[in-house]
Structures are given as C-alpha cells and as structure tokens.
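The residues making up each chain are set out below.
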Amino acid sequence: MNLKLFGKRINRVKKIFFRLMSLNVNNTQNKIDFIYQIEQIVRFYASFIERFFKEVVFSTKKVFLSDSSVRVVGGFAEKLLLRVFNRVCLSYEWIVRWIGRANHKDIGTLYFIFSFWAGLVGTGFRVIIRLELSRPMRFLKDFQLYNVVVTTHGLVMIFFLVMPMIIGGFGNWLVPLMLAVPDMAFARINNLRFWVLPSSFTLMGFSLFSEGGFGGGWTLYPPLSRNIAHSGPAIDFLILSLHLGGLSSIMASLNFYRTWGNSRSGCHNFLRVPLFCRSLGVTRFLLLLAIPVLAGALTMLLTDRNINTSFFDPVGLGDSMLFVHLFWFFGHPEVYILILPAFGIISHVIKVGVGKSRIFGKVAMFWAMCSIGVLGFIVWGHHMFTMGINVDSRAFFRTMTIIIAIPTGVKVFRWLATLWGGKIRRWPIMYWALGFLVFFTVGGLTGIVLSRASLDVILHDTYYVTAHFHYVLRMGAVFGMFAGFHYWFPLFTGVGLHGVWRKAQFISIFVGVNFTFFPQHFLGLGGMPRRYPIYRDNFFFFNYISRWGSSVSLGSLCFFLWIMYEGMYSQRSLIFPLVPKTEVEWMYRVYPVPFHGLMQRCVSYQPSELRKTMREKLSYRVDSKNSLK
Ligand SMILES: [Cu+2]
C-alpha cells in the first residue's frame, strides 16, 4: 500500500470536522484588527457594567456588595463578554460561509441538518399521537390539541422532512456531481431557496401557537379552514408557510432544469444521466405543475378568510368541493414527489449493493417514472369517492389509479431482476433497500385495495388509509432516504458509520415500524376512524401494540443519533469505496469530495489560460524528466 498516499488521505479525512465547522484563515491581519476593535468595545462595556454596579447598585445600599466583589463582577462580565465576542468574530467567516455562500455541497449539508431537525420535531408529534392513543383520551384530553398535533405531524413530515431531505439534501449534493457540472446553474437562487425554508418553518410554528393552532388535517379542507371553524390567524400563518415552501420548490425546480438541460457537457448525453437525476427530473416536472395549483387554492382560501370572497363558501355560491379538487390535483402528485427520488436512490443502492455496473432496464425505469408522473395528475378523484362524486367519474378515477400499478410494478420487478443473479452484499444499504422493496410493495398493494371505489367508501378516513400511506412513505420514502444516506454518507463526509450497529438499527426500526403500522390495517378494517383521540374499547389491543412499536422506533431513532455521533467521533476514514466505476459521483477518489470539484477548476479558467497552464505543467514534466536523466 502506498503509505504516503494513505497518510495524506487520513489527514484529509481528519479535517472533515474542521471543514464542516471551522474557517479559512485568509485575511489574518484583517481579522486581528477586527478582533482588536471588538475587544476594545467589549472592555468599554465591561467597565460600564463595573461602574453600573459601583454607582447604582452599590450606592443604593440595598445590595450589600463590597468593593472587591464589584470588581469581581466587573471582571467576570468582562471575561464573559470577551469570550462571547471572540467567538462571534472568530465565527464571522463561518457565518459568511454557511449563510452567504452558495456552494451546492454546503447547501446540501444545510438541507440535511434542517430536515433532520424538522424530522425530529415531527417525531415528537408522532410520539404525542401514540401516547394519546395508547389509551382513549389518556394524555392530552383535548380534541382540538390532538388534531393540531396530527395536522402538524403530517405537514412537518411532508414539507420539512421528506421534501427538503430527499430533493434538497440529496439533490443538491448529488446532481452536480452526477452531471459532472461545477455547481447548480443558479447558485445564489440555490442559497435563497434554502433560506426561505426556515422562515416557512417558523411561520408554521407561529400557526401552532396562535389561538389554539389549526386542527383540520394537513389537507386544509374548508369549511374547517374557513373563518367559520378557525377564526384565528393560525390557518393564515399556515397558508403563508406553505406559500413560502412552494416558492422554494419552484425556484429549486427551475434551477434543476437549467442545470440539467444547459450545464451538462456535450459528451454527457441524456441517456447517460444517472437514474437519480432522472427521477429528480420527473419530480421537478410534478412540482412545477402541482405547486402553482396548491398556491392558487391556498390564495383563494386566504382571500375567503380575509377579504370576504366566497370561492369555497356555499352562501356566496362557492363550492367547498372546488378546494378538494384543487388540493388533490396537487396532493396526489405530491406523494409521487416524495417517493420518486426514493426510487432513484434505491436504483443506485441496489445496483451497487449487488455489484452490478448497471440497473436492469434503465430506459424502462425512466419511462415508468414518467408515466407514474403523468398518470399522477389524473387520479386525484380517488380521494373524493365519499364526497358525492358521480359513478362515471368514480369508474374513471378507479381505473386510472389501478393503471398506475403497472409502471410501479415495472420498477419493482426491474429492481428484483437487478438483484437476480447478483451477489447481494451484506451491507447496511442493502438491508434498507430490501426493506424498501418489501414494504413499499405492501403499501402499494393496500393502495390497490383502496383504489376500488366500492371498498374505499368503507375504508375512507379509517386507519386502513393511515396504515397504507405510512407503509408507502414511512417505510418507502424514509427507508429510501436511509438507504441513500448510508450509501452516500462516506462520500459527503469521508468517514464511515459503524457496520454492525447500523444493521442493528435497521432491525430495530424494522420491528418498530411494523409493530406500529401493521395493526393499523386491522383497526381500519374494524372501522376505527382517523383523527380522533378516542376510540371504542375493542380497538384497545391493536392501539396498544401500535404504541409499543412506536416506542421501539423512537428508541431506534435515538440509536441512529448515537451511531452518527460515534461515526463522526471515531473518524473511520474511507479509502477505497467498493463502488463500480460507472458511478460518476464517486469518481473523485478523495473523500470527502473536494469543496471545489475538478469540474469547477476547469471551468473557472479561461481556455487560453487553461492552455497556458497545461503547457506549463507539461514543460515542468519534461524538465523534471530531463533533470532525472
Ligand atoms: Cu392519491
């Protein structure tokens, strides 16, 4: 083994933590001046505090402070303030880097941090839900509060965990690497699109804490979302929050298409774009078509609430059904927005996990995703079977929904065909990928059950639906994210996580989520409705199991936090990834991937300068050869 190279790489890897947290020391003199000035200011304020204690506190004689103790207080204040201001000015560059700059890798990391944190918030809500349902009316004893928790759990998980992580996090990190381009096409917009997201999340927090919050479910149906039921500003905050989130998504989509369509180099033709990028391409298409419809519906709701229009108010000849149509025209593509990037991730993970250099039927995979995307726009009526929709429409929407099973089946069978004959490696990523395959299929099958209008009339708004979409999203999208996270984590950070513990974590979460959600099928078939904190005694048993499953997966999540901490702490460096050379994002062979990739360096030179540099390099080589002789 080349020891020098080995040592170099180890050093590089050890810098990862500092690369994440520290600063570039470029303008040392400026920084020293800056720190000196700050120090002077701090000393002034500290002396002011000391004088304050001496002249005000001490002179009133109410507080018995001796002269020396005043000096101690002043000295302590000085030290404390100095320390704080030192940190601030030392972190000046840190702040500029993480807030102001627009490197796609940094923004991807920010997305991961933000969405992971939002995921923890959503987890908190689901823990509350399960505690409440462990016995009827056990915990919150408040219907509205329970409904607020349920609503916020749904919104947070969809808009602030899955979408930002899978599109923003993975997308930002991997799309430029996979397309071999320097950065996203509009790097500043990329930065902006991230920073509207915390604002959006804050608005959602405002909604939660203003006048009891909004408890009408994530679908925001009127009349529950009209003034008649929620007169406070909670729903207005929520609408603004979703508007901002939608703005972020639209900016991101345009940016992606610009990067995909215009920044690719000529030799990198469309057929060679990796499947993850293609899945994102379809996702972006869905976002661009669906988000404006949601925005329109929400704006109409906003004007209904605030400037007395009556789009959704029957009294003014409006129609509540209009909102439901518009919402689900967005909402059904939204679930494909959540799951399609996971399809892309799983394709990569399965391909590498069985040691094959290509996925079985890549072209068909792409067209399957396209047809899922297009069909996703004409099935929204399957959410409205119980709302007085006519029989012909029911037949249409039912048929269309069942037809989506075909491209989905194409994808599942192609993943199986890729697995077939390969050597399935016992890597944690394969555990997650196989878990995805099995449970996504289970969720898809219950989806076919629900697509039958006659069955849906019975099962609508029961726990059967809850179980169905949690199998698709909790065990589909989130397992896909876990698979991708474990697969690309060494690429992002240069270190590996603990091999055995990751498998243990998978098994614990596998047990946890199945114990949580499988009993919910039985609850739904038994007729237990969603969104109620109270239930009949005969539903106790399955709710009890579900509650314990939820606790197991909570423990598993804590275990995952520990695994991440341990991985960063132990710094197990990645030297030779066992990834075929077809995987373009791994082509750097230095991990973590350099802050400025190879491509960026090429592009930043003018061609003439590049030629000059190349000539210099060549002549240097020739010279060194000659001198060796
Ligand atoms: Cu749907």
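All residue numbers here refer to positions counted from 1 along the written sequence of the relevant chain. Restriction of local features to residues with pLDDT of at least 70 applies here, the model being predicted, together with a cutoff of 80 or more for giving and counting side-chain atom pairs; totals for whole chains, interfaces and linings are based on all residues. Computation of side-chain values: all heavy atoms of the structure, hydrogens and water removed.

### Description of the coordination of the copper ion
Looking at the copper ion, one finds its protein donor set to be His332 (ND1), His382 (NE2) and His383 (NE2), positioned 1.7 to 2.0 Å from the metal centre. Each donor residue of the copper ion belongs to the same chain, with the gaps between them written as H-x49-H-H. For Na, K and Ca the donor cut-off is 3.2 Å, while for other metals it is 2.8 Å, and in both cases only N, O and S atoms qualify; water is not among them, so sites may look incomplete.

### Section: the packing of aromatic side chains
Pairing of aromatic rings covers Phe, Tyr and the six-membered ring of Trp, with a centre-to-centre limit of 6.5 Å; geometry is then stacked below 30 degrees between planes, edge-to-face above 60, and tilted otherwise. According to the stated counting rule, one finds 62 aromatic pairs in the structure shown. Consider the rings of Phe112 and Phe492, whose centres lie 5.5 Å apart with planes at 45°: the pair is tilted. Here Phe492 lies in helix 16 (residues 463-493) and Phe112 lies in helix 6 (residues 104-134), a separation of 380 residues in the sequence. For the pair Phe112 and Phe492, a shared accessibility class is recorded, and that class is buried. Between Trp117 and Phe201, the ring centres sit 5.5 Å apart and the planes meet at 75°, which makes this aromatic pair edge-to-face. Here Trp117 is found in helix 6, whereas its partner Phe201 is found in helix 8 (residues 187-209), with 84 residues between them in sequence. Given a relative accessible area of 12%, Phe201 falls into the buried group. Only when the NZ of Lys or the CZ of Arg is both within 6 Å of the ring centre and within 35 degrees of the ring normal is a charge said to sit over the ring. The ring of Phe366 has Arg278 lying over it, and the distance from NZ or CZ to the ring centre is 5.0 Å. Of note, Arg547 hangs over the ring of Trp548, and the distance from its end group to the ring centre comes to 4.8 Å. In this description a helix means any DSSP run of H or I spanning at least four residues, a strand means any run of E spanning at least two, and both kinds are numbered starting from the N terminus. Note on exposure labels: buried denotes an accessible area under 20% of the residue type's maximum, exposed denotes more than 50%, and partly exposed covers the range between, all computed with a 1.4 Å probe on protein chains only.

### Concerning unusual backbone geometry
Pro223 follows Pro222 through a cis peptide bond whose omega is 5°. Within the secondary structure, Pro223 is located in the loop between helix 8 and helix 9 (234-263). Non-glycine residue Arg531 carries a positive phi angle of around 60°. Tracing the backbone through its elements, the reader meets Arg531 in the loop between helix 17 (499-526) and helix 18 (540-570). Residue Arg531 is classed as partly exposed on the basis of its relative accessible area of 24%. Here the phi dihedral of Gln571 falls at roughly 55°; this positive angle occurs in a residue that is not glycine. On the secondary structure map, Gln571 appears in the loop between helix 18 and strand 2 (572-573).

### Quick word on a nonpolar patch on the surface
Only residues whose relative accessible area exceeds 30% and that form no salt bridge enter a patch; like-charged residues are grouped when within 9 Å of one another, and nonpolar side chains (Val, Leu, Ile, Met, Phe, Trp, Tyr) when within 5 Å. Shrake-Rupley sampling with a 1.4 Å probe provides the accessible areas, and residues are treated as covered by the protein chains on show and by no other component. Every case where a carboxyl oxygen of Asp or Glu lies within 4 Å of a side-chain nitrogen of Lys or Arg is listed as a salt bridge. A contiguous nonpolar patch, built from Ile507, Phe510, Val511, Phe515 and Val552 and spanning about 400 Å² of accessible area, is present on the exposed surface. Tallying contributions element by element places helix 17 first for the nonpolar patch, with four residues. As for its placement among the helices and strands, Val552 is situated in helix 18. Classification of Val552 by relative accessible area gives partly exposed; the value is 36%.

### Considering the confidence of the model for the protein chain
Residue-level confidence of the predictor, termed pLDDT, takes values from 0 up to 100. Overall, the predicted model of the protein chain reaches an average pLDDT of 84, with 82% of residues at or above 70. Residue contacts follow a heavy-atom distance rule, with two residues in contact if any of their heavy atoms lie within 4.5 Å. The low-confidence segment residues 601-606 (pLDDT under 50) makes four contacts with residues lying over four places distant or belonging to another chain. Overall, residues 620-629 carries pLDDT values under 50, and its contacts beyond four positions in sequence, including any with other chains, amount to zero contacts.

### Some words on the side chain of Asn514
Position of Asn514 relative to the elements: it lies in helix 17. For Asn514, the contacting residues outside a window of four places in its chain are Phe439, Tyr471, Met475 and Pro519.

### Examining the pattern of salt bridges
One pass over the structure, following the stated rule, counts five salt bridges. Asp236 is the salt-bridge partner of Arg305, the closest N and O atoms lying 2.9 Å from each other. With Arg305 in helix 10 (residues 275-306) and Asp236 in helix 9, this pair connects stretches of sequence that are 69 residues apart. Just as Arg305 is buried, Asp236 falls in that class too. The partner of Glu583 in a salt bridge is Lys351, with the nearest N and O atoms 2.8 Å apart. Of this pair, Glu583 sits in the loop between strand 2 and helix 19 (598-604) while Lys351 sits in helix 11 (residues 320-353), placing them 232 residues apart in sequence. Look at Lys351 and you get buried, because its relative accessible area is 12%.

### Considering the packing of helix 12 (residues 362-375) against helix 13 (residues 391-419)
Every axis in this analysis is a line fitted to C-alpha atoms, fitted for helices over the stretch in contact. Angles between the N-to-C directions lie between 0 and 180 degrees. Running from N to C, helix 12 and helix 13 cross one another at 160°; their axes reach a closest spacing of 9 Å. In terms of orientation, helix 12 lies roughly antiparallel with respect to helix 13. Here the hand of the crossing between helix 12 and helix 13 comes out left-handed. Together, Ala364, Met365, Ala368, Met369, Ser371, Ile372 and Leu375 of helix 12 and Met400, Ile403, Ile404, Pro407, Thr408, Val410, Lys411, Arg414 and Trp415 of helix 13 make up the contact between the two elements. Classification convention: Asp, Glu, Lys, Arg as charged; Ala, Val, Leu, Ile, Met, Phe, Trp, Tyr, Cys, Pro as nonpolar; all other residues, Gly among them, as polar. Of the residues contributing to the contact of helix 12 with helix 13, the split by class is twelve nonpolar, two polar and two charged. Working definition: roughly parallel below 35 degrees, roughly antiparallel above 145 degrees, roughly perpendicular at 65 to 115 degrees, and oblique for all remaining angles. Left-handed is the label given to a crossing in which the near helix is rotated counterclockwise from the far helix by less than a right angle, and right-handed is the label when the rotation is clockwise.

### What about the nonpolar core?
Grouped together as the largest cluster of nonpolar side chains are 141 residues, with contacts concentrated most on Phe170, Trp415, Phe436 and Trp488. The element best represented in this core is helix 7 (residues 143-179), accounting for 19 residues. The contacts of Phe436, once residues within four sequence positions are left out, are Ile339, Ala342, Phe343, Ile346, Trp415, Thr441, Met475, Gly476, Ala477, Phe479 and Gly480. The term nonpolar core refers to a set of buried residues drawn from Ala, Val, Leu, Ile, Met, Phe, Trp, Tyr and Cys, joined through side-chain atoms within 4.5 Å.

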